Amino acid sequence: MQTIRGFRDILPEQIRIWQKIETEATGLFKAFGFEEIRIPVIEKTELFARSIGETTDIVEKEMYTFADRKGDKLTLRPEATASIVRSYIQHKMYAVDPVRKFYCIGPMFRRERPQKGRYRQFYQIDVEVFGVASAYIDSQLIFLLNELFRRLGLTGLSAHINSLGCPECRPGFQTTLLTLLESKKDQLCGNCLRRMNKNPLRILDCKSPECKAAISDAPATIDHLCRECSDHFKIVQSTLEKQGVDFKVDNTLVRGLDYYTRTAWEILTTSLGAQSAVAGGGRYDGLVQELGGPETPGIGFAIGFDRLAEVMEQLEKAPDPDTVDLFIIALGEAAMEKSYLWYSELNQAGIRTEMDFRGKSMKALMKRADKLNAAQVLIVGENELERNAVVLRDMGTKTQVSLAVDTLVENLTRKMTQSNETG
Ligand code: AMP
């Protein structure tokens, strides 16, 4: 049996990087006042169709949608924002506090064509803020991403930002854009032609070279912003400048989901080939209301966890495997019986201890201790046991001491804790 196409196992050797990222991210999010939220992996299809948008790639082609036994139309979540907004409204979270800040980590599902950095089950680290219309929050979220990547030691990343306007100014922009698109109709791909009237903005980020060429002189959203959107975007930029965040205004960035308003951004890397976006986000001021909640501004981002882990792997930022503090060599049945209890107690005390139950020879067990890179080896032989003693060998200095059995666990715990603290 094999995993299905686009789905994969994340093995223990890879997980060390994942855990490092997760520890760094959650520590940072907590310091910035975010609370964790967990949401189901399956929701009603309608939630995603209505929020992400009927004419987006995700909803048109990529969702894992099925009818359950009662015929309800359900979908494996392709992203987290829609579900978090649903949860925010369902639990009337706005009534508890006008400002809520969440993070969420978990798998998402999109039936895309798999390739490096693109999977059908992939993981996202998601951050959302509800109830703050101020541009400072836009800057803060971009700053937060920047800070996380800095702490993880990543270089070669660039933040691309754009403003998509709001329901006040976007229609005017769309009309201007449509006039251009009408005149280039014969050069656009089938997808763009189909979407042209429903969602002309999406054509700005079509990847087809013909479309790119056809719209090379397309107008920029930022030249058509209303006063409020323009002021908002200016504050975002000047704040990022003051905070020393490198960014570039990118007029072609529109993001693949319909709900974005005003600021949208992506963090790109040069080290993943075609799949260059490691994170993306934006403001979605109309979404809570659109899904039946009160008028509430919202903004958030998602980091592609798989891609971030791959960038870290390329930069060799993998932490070393945990080392074994102590390997117990038990020679004979009586030694095994006693050693097993010490082994459990030492693990319980937080000392990373290993032992081998196969009844192998001393030589074979020393080899295994070496392979596991054990710092110390405890040799429990029948003769020594009769004299209530065991031998502790330091694998670094190759020195040995004899330890009394009665106080063994306390003694070892003290020694190991001290050496872990100093080492
Ligand atoms: P999006 O929700 O499309 O804005 O995606 C946010 C981030 O998730 C992207 O910048 C990618 O890093 C990551 N991502 C999106 N789709 C996939 C996928 N199929 N496989 C791996 N990562 C993905």
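Residues numbered from 1 in each chain as written. Predicted model: local features only at pLDDT ≥ 70, side-chain atom pairs only at ≥ 80, totals over all residues. Heavy atoms only, no water.

Q: Give me the overall build of the protein chain: which residues, what numbers.
A: Helix and strand counts for the protein chain stand at 16 helices and 16 strands. What you see for the protein chain is a C-alpha radius of gyration of 28 Å, clearly larger than the 22 Å of a compact globule of 423 residues, by over 25%. Taken along the three principal axes of its C-alpha coordinates, the protein chain extends 95 × 50 × 45 Å. Counting contacts in the protein chain only where the partners sit at least 6 residues apart, residues at least 24 apart contribute 70% of the total. Carbon and sulfur atoms form 49% of the exposed surface of the protein chain, whose accessible area is close to 21200 Å². The positive charge centre, built from 56 side chains, and the negative charge centre, built from 58, are 3 Å apart in the protein chain. (Helix = DSSP H or I, 4+ residues; strand = E, 2+ residues; numbered from the N terminus. Rg over C-alpha atoms; globule rule 2.2 N^0.38 Å. Contact = heavy atoms within 4.5 Å. Areas by Shrake-Rupley, 256 points an atom, 1.4 Å probe, with all protein chains shown as cover. Lys, Arg positive; Asp, Glu negative; His and termini not counted. Charge placed at Lys NZ, Arg CZ, Asp CG, Glu CD.)

Q: Requested: an account of the site of the ligand, with residues and values cited.
A: Around the ligand, a shell composed of 15 residues is seen, among which Arg110, Glu112, Tyr119, Arg255 and Ala277 lie nearest. Between the ligand and Glu112, the relevant distance is 2.7 Å, taken from a nitrogen atom to a side-chain nitrogen or oxygen of the residue. In the model, an oxygen atom of the ligand is placed 3.4 Å from a nitrogen or oxygen of the Val278 main chain. Relative to its unbound accessible surface of 480 Å², the ligand loses 92% to contact with the protein. Elements represented by at least two residues in the shell around the ligand include exactly β6 (121–130), β10 (277–283) and β11 (298–304). In terms of residue count, the dominant contributor to the shell around the ligand is β10 (four residues). Along the lines of polarity and charge, the residues of the shell around the ligand split into six nonpolar, four polar and five charged. (Near = heavy atom within 4 Å. Polar contact = N/O pair within 3.5 Å; in protein donor to acceptor, adjacent residues only side chain to side chain. Nonpolar A, V, L, I, M, F, W, Y, C, P; charged D, E, K, R; others polar.)

Q: Describe in detail the pairing of strand β16 (residues 400–404), supporting the description with residues and values.
A: Here five bridges tie strand β15 (residues 389–394) to β16, and the two strands are oriented antiparallel to one another. Along β16, the bridge assignment pairs Val390 with Leu403. Hairpin geometry of β15 and β16 is characterised by an intervening segment of five residues between the two adjacent antiparallel strands and by a positive phi of about 60° at Lys398. (Pairing = 2+ DSSP bridges.)

Q: Help me get a handle on the packing of helix α6 (residues 135–151) against helix α10 (residues 227–242), residues and values and all.
A: Where α6 meets α10, the axes come as close as 8 Å, and the angle between the chain directions of the two elements is 40°. With respect to their mutual orientation, α6 and α10 come out oblique. Of the two possible hands of crossing, α6 and α10 adopt the one that is right-handed. Counted together, Ala135, Tyr136, Asp138, Ser139, Ile142 and Phe143 of α6 and His232, Ile235, Val236, Thr239 and Leu240 of α10 form the full contact between these two elements. A class-by-class count of the residues in the contact of α6 with α10 yields seven nonpolar, three polar and one charged. (Axes fitted to C-alpha atoms, helices over the stretch in contact; angles between N-to-C directions. Parallel < 35°, antiparallel > 145°, perpendicular 65-115°, else oblique. Left-handed = near helix turned anticlockwise from the far one by under 90°.)

Q: I'd like a rundown of unusual backbone geometry, residues and numbers included.
A: Here the phi dihedral of Asn373 falls at roughly 60°; this positive angle occurs in a residue that is not glycine. Here Asn373 lies in the loop between α14 (362–371) and β14 (376–380). Judged by its relative accessible area of 54%, Asn373 is exposed. Positive phi outside glycine occurs at Asn388, with the angle close to 60°. With respect to the helices, strands and loops of the structure, Asn388 is situated in the loop between α15 (382–386) and β15. (Buried < 20%, exposed > 50% of the residue type's maximum accessible area, 1.4 Å probe, protein only.)

Q: Talk me through the sheet that holds strand β7 (residues 157–163); I want residue IDs and the actual numbers.
A: Read across the open sheet, the eight strands follow the order β1-β5-β6-β11-β10-β9-β7-β8; overall the sheet is mixed. Here the strands that pair on one side only, and so sit at the sheet edges, are β1 (35–36) and β8 (247–249). The sheet contact formed by β1 and strand β5 (residues 100–109) spans two bridges and is parallel. Residue Glu35 lies in a different strand from β5, and its bridge partner there is Phe102. Sheet strands touched by helix α1 (residues 12–31): β5, β6 and β11. Its angle to β5, the strand with the most contacts, is close to 160°.

Q: Describe the layout of surface pockets, and please don't skip the residues or the numbers.
A: A probe matching the size of a water molecule, rolled over the atoms, marks out where space remains unfilled. Taken as a whole, the second largest pocket encloses approximately 480 Å³ of empty space. Of all the secondary-structure elements, those providing two or more residues to the lining of the second largest pocket are α2 (45–52), α7 (170–183) and α11 (287–290). For the lining of the second largest pocket, the leading source of residues is α7, giving three residues. Class assignment of the residues belonging to the lining of the second largest pocket gives a composition of ten nonpolar, six polar and seven charged. (1 Å grid on protein atoms, 1.4 Å probe; cavity = no way out; pocket = protein on both sides within 12 Å on 5 of 7 lines; lining within 4 Å. Points joined across faces, edges and corners; volume = space filled by probe spheres on them.)

Q: Before we move on, can you summarise the domain arrangement of the protein chain with the specific residues and values?
A: One can read the domain layout of the protein chain as domain 1 (12–169 + 225–314) and domain 2 (326–422). Between the C-alpha centres of domain 1 and domain 2 there is a distance of 49 Å. (Domains from an automatic or database assignment.)

Q: For the sheet that holds β16, give the residues involved together with the corresponding values.
A: Pairing is mixed in the open sheet, where five strands are placed in the order β13-β12-β14-β15-β16. Looking at the sheet topology across the chains shown, the edges are occupied by β13 (353–355) and β16. Strand-to-strand twist in this sheet, taken as the mean axis angle between neighbours without regard to direction, amounts to 25°. Against the sheet, helix α13 (residues 333–348) touches β12 (326–330), β13, β14 and β15, its axis set at about 155° to β13. Contacting β12, β14 and β15, α14 crosses the sheet at an angle of about 170° to β12.

Q: Any details on a negative patch on the surface? Residues and values, ideally.
A: Taken together, Glu333, Glu337, Glu382 and Glu386 make up a surface patch of like negative charges. Elements that contribute at least two residues to the negative patch include exactly α13 and α15. Within the fold, Glu382 resides in helix α15. (Patch = residues over 30% accessible without salt bridge, like charges linked within 9 Å, V, L, I, M, F, W, Y side chains within 5 Å. Salt bridge = Lys/Arg side-chain N within 4 Å of Asp/Glu carboxyl O.)

Q: So what's going on with the pattern of salt bridges? Residues and values would help.
A: Tallied over the full model, the rule gives 21 salt bridges. A salt bridge links Arg283 to Asp285; its shortest N-O distance comes to 2.8 Å. Ionic pairing is found between Arg358 and Asp356, a salt bridge with its closest N-O pair at 2.8 Å. Three or more residues joined by partner-sharing salt bridges are found here, namely Asp57, Glu60, Lys61, Arg194 and Arg195.

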